[in-house]
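# Structural characterization, general
The primary structure of each chain is shown beneath.
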Amino acid sequence: MSASFRPSVMSDIDPILFPNDDRAQAEAAIAAMDAATVRHEAEHAGTRVVWRSAGQGSPLVLLHGGHGSWRHWIRNLGALAQRHTVWVPDMPSFGESGTLTPPADLPHLVATTAATLDQLVGADTPIDLAGFSFGGLCAAHLAARRGRVAHLALLGAAGHGTPRRQKAAMVNWRLASGEAALVEDLRHNLRALMLHDESSIDALAVAVHRQACEATRFRSKALSQSGPTKGILDGFSMPILFAWGEHDVTAYPDRVGPWWVDGRPERQWRVIPHAGHWVQFEQAEATNRMLLAFFG
């Protein structure tokens, strides 16, 4: 299935969206990108999953992180849609998608994501696949379950089980007293975990993060800090790209990268300079070039 594409709209708002501190412009940017995509709904085992698509070409699936939504890729969709039909979900129990029926665990989340994807693109259709953070762990599980993944890219992927570099503790934004305190808590958490440069914590970053946090109903933290990913990767033979921001606090890339590459010539690991964990947002242009080159 191909998706309709509005290239003039995409090119007007991509790749770097309103890097300022104006909340109204940030909300407008999100709405504009939403309008430039096609919205799809599919259901599996009683759970409705909302997908968005844009572009023309071979299918490229992008999975968001924990406390995330399709908007984790807001600075990447336009560039990637120039060469691919890009498919981005709100995974089950995230964003606009329905809440998982029990068991609300990772296998059920992955099975529901895979089944609804197959309804949209066809079960036998090869795809390229990328996952960010918790979405990297989900992407590895999805590739193992579904097969027919031509290339796999994992950005700041969770599930390595090795030490993290995070120094600042997160705060509970739900306890904030008032709008200003809430926004400051969200900014603190973005600074502590997601973004390296203070200037990257703009109104768009806060808006994307806020919408995602308020709509997340899946507990991913324990899964993200576990260590199953290497065992899953051992079963793959497709080309795989592992990438981290230079200042990603969730891992030491120089430890995890060589370990996951494991001497396999079809695998590579990269570090993107001047970026934290949310690498595809903070260094969108560099990440887009890297992904376009990798996915061909």
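Summarised in this report is the structure supplied together with it. All values reported here derive from a predicted model rather than from experimental measurement. (Residues numbered from 1 in each chain as written. Predicted model: local features only at pLDDT ≥ 70, side-chain atom pairs only at ≥ 80, totals over all residues. Heavy atoms only, no water.)

## Some words on the overall build of the chain
- Counting its regular elements, the chain contains 12 helices and eight strands.
- Against the compact-globule benchmark of 19 Å for 296 residues, the chain has a radius of gyration of 18 Å, which places it among compact chains.
- Dimensions along the principal axes, computed over C-alpha positions, put the chain at roughly 50 × 40 × 40 Å.
- Within the chain, the fraction of its 296 residues that count as buried is 56%.
- Long-range pairs, those at least 24 residues apart, make up 74% of the contacts in the chain with a sequence separation of at least 6.
- On the chain, roughly 11,500 Å² of surface is accessible, and the fraction owed to carbon and sulfur atoms is 53%.
- Each charge sign in the chain was given a centre, from 27 positive and 29 negative side chains, and these centres are 4 Å apart. (Helix = DSSP H or I, 4+ residues; strand = E, 2+ residues; numbered from the N terminus. Rg over C-alpha atoms; globule rule 2.2 N^0.38 Å. Buried < 20%, exposed > 50% of the residue type's maximum accessible area, 1.4 Å probe, protein only. Contact = heavy atoms within 4.5 Å. Areas by Shrake-Rupley, 256 points an atom, 1.4 Å probe, with all protein chains shown as cover. Lys, Arg positive; Asp, Glu negative; His and termini not counted. Charge placed at Lys NZ, Arg CZ, Asp CG, Glu CD.)

## Some words on the nonpolar core
- Leu62, Trp73, Trp278 and Leu291 are the most contacted members of the largest nonpolar core, which has 47 residues in total.
- Among the elements that line this core, the one with the most residues is helix α7 (residues 203-215), at seven residues.
- Ignoring anything within four residues of it in the chain, the contact list for tryptophan 278 reads Arg71, His72, Phe132, Leu190, Met194, Leu195, Ala205 and Val208.
- One finds Leu120, Ile127, Leu154 and Phe242 within the second-largest nonpolar core, a separate group that totals 41 residues. (Core = buried A, V, L, I, M, F, W, Y, C linked by side-chain atoms within 4.5 Å.)

## Side note on the layout of surface pockets
- Quantified by volume, the largest pocket comes out at close to 860 Å³.
- In terms of lining residues, the largest pocket is bounded by 33 residues, among which His67, Met170, Leu193, Ser220 and Lys221 are the most central.
- Secondary-structure elements contributing two or more residues to the lining of the largest pocket are α6 (179-194), α7 and α8 (221-224).
- Sort the elements by how many residues they give to the lining of the largest pocket and α6 lands first, with three residues.
- Taken together, the residues of the lining of the largest pocket sort by class into 12 nonpolar, 16 polar and five charged. (1 Å grid on protein atoms, 1.4 Å probe; cavity = no way out; pocket = protein on both sides within 12 Å on 5 of 7 lines; lining within 4 Å. Points joined across faces, edges and corners; volume = space filled by probe spheres on them. Nonpolar A, V, L, I, M, F, W, Y, C, P; charged D, E, K, R; others polar.)

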